[in-house]
Amino acid sequence: MIVVREAEPADAEAMARIQVAGWTKAYASFIPDRIPASYSVDVRRSEWQKRLAEPAHATVNLVALEGAQILGICGGGPPLRDETITEGNIDAYTAQVYGLYVAPDHYGRGIGRLLLGRLAARLAASGHRNLCLWAFELNAYRGFYDRLGGKAEARAVWHVGDTVIREMAYGWADIGGLIEACLNEVKTE
Ligand SMILES: CC(C)(COP(=O)(O)OP(=O)(O)OC[C@H]1O[C@@H](n2cnc3c(N)ncnc32)[C@H](O)[C@@H]1OP(=O)(O)O)[C@@H](O)C(=O)NCCC(=O)NCCS
């Protein structure tokens with residue numbers, strides 16, 4: 001059985017490993033390893049330790065566990081507004097997903113949907129009526145957000161040295177619709 005709970009400081013190591021595994025699997029083909037933080041468990045672990053010890057206002061960090069093993073992580077809160085937007089806008093959105101990563105050996109079991117649904121429900125309970133997130137255009141896994149009804153709302157660019165990485169914002173104008181789309185059960189192995 002998969003259980004979702006609030007992340008705790010002791011989860012930092014497992015969260016870092018899942019995040020780095022996700023970056024390696026989904027982004028390594030187009031984001032250069034010149035961004036050392038992105039692919040380093042040590043750097044990610046200390047980021048998580050700090051973030052979980054002193055959580056930013058109104059942010060939510062969740063982990064999905066099977067037994068004692070963390071199999072997915074998901075976080076969100078107020079929009080970060082740190083993108084260089086080139087088209088469209090997400091001004092009307094009051095909540096943003098900061099990250100969603102499932103352990104690669106467990107893709108396709110419904111863990112991503114469970115985590116996103118729980119995060120959306122937490123944010124809705126705090127008064128948010130909509131939700132957005134940024135995804136890399138070249139991310140082969142972003143079809144997950146299309147599947148759950150996300151609409152393309154904006155585009156942005158991120159410059160890493162001479163590499164231009166294009167991003168797109170998905171939005172759910174009605175957070176309740178997303179919560180409903182996320183209600184399917186998780187598959188047992
Ligand atoms: C994206 C990600 C979180 C999805 O998690 P997951 O647990 O494998 O997804 P789920 O099993 O919950 O899938 C839910 C639904 O989306 C569909 N789906 C999952 N991945 C998909 C994809 N790449 N393209 C299209 N549909 C997809 C599933 O088939 C399922 O649909 P169903 O209702 O017909 O069964 C996971 O693949 C991941 O961690 N990827 C790498 C990191 C990443 O890209 N994170 C997102 C950053 S923006």
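What counts as what
- Residues numbered from 1 in each chain as written.
- Predicted model: local features only at pLDDT ≥ 70, side-chain atom pairs only at ≥ 80, totals over all residues.
- Near = placed C-beta within 6 Å.
- Nonpolar A, V, L, I, M, F, W, Y, C, P; charged D, E, K, R; others polar.
- Buried ≥ 20, exposed ≤ 12 C-beta atoms within 10 Å, placed from the backbone.
- Helix = DSSP H or I, 4+ residues; strand = E, 2+ residues; numbered from the N terminus.
- Pairing = 2+ DSSP bridges.
- Axes fitted to C-alpha atoms, helices over the stretch in contact; angles between N-to-C directions.
- Contact = placed C-beta atoms within 7 Å.

We now examine the site of the ligand. Around the ligand sit 20 residues in total, of which Tyr107, Gly112, Arg113, Tyr141 and Gly143 are the nearest. Split into classes, the residues belonging to the shell around the ligand amount to 9 nonpolar, 7 polar and 4 charged.

What follows covers the pairing of strand β3 (residues 69–77). The element β3 is largely enclosed, with a buried count of 7 among its 9 residues. In this sheet, β3 lies alongside strand β2 (residues 60–66) in antiparallel orientation, the contact comprising 7 bridges. Bridge pairing links Asn61 to Gly75 in β3. Two elements, β3 and strand β5 (residues 96–102), share 6 bridges in a ladder whose sense is antiparallel. Within β5, the residue paired with Cys74 across the bridge is Leu100.

Taken together, the 8 strands give an open sheet; going across it, the order is β1-β2-β3-β5-β6-β8-β7-β4, and neighbouring strands pair in mixed fashion. Edge positions in the sheet fall to β1 (2–6) and β4 (84–88), since each of these pairs with one other strand and no more. Between one strand axis and the next, the sheet turns by 25° as a mean value, whatever way the strands run. Bridging between strand β7 (residues 151–160) and strand β8 (residues 163–172) involves 9 bridges; their strand directions are antiparallel. Bridging from a neighbouring strand, Trp158 pairs with Ile165 of β8. Helix-sheet contacts for helix α1 (residues 12–26) involve β2, β3 and β5, and the interaxial angle to β3 is about 80°.

Of note, Glu8 is situated in the loop between β1 and α1. Residues Glu8 and Ala58 lie 50 residues apart in sequence; the distance between their C-alpha atoms is 16 Å.

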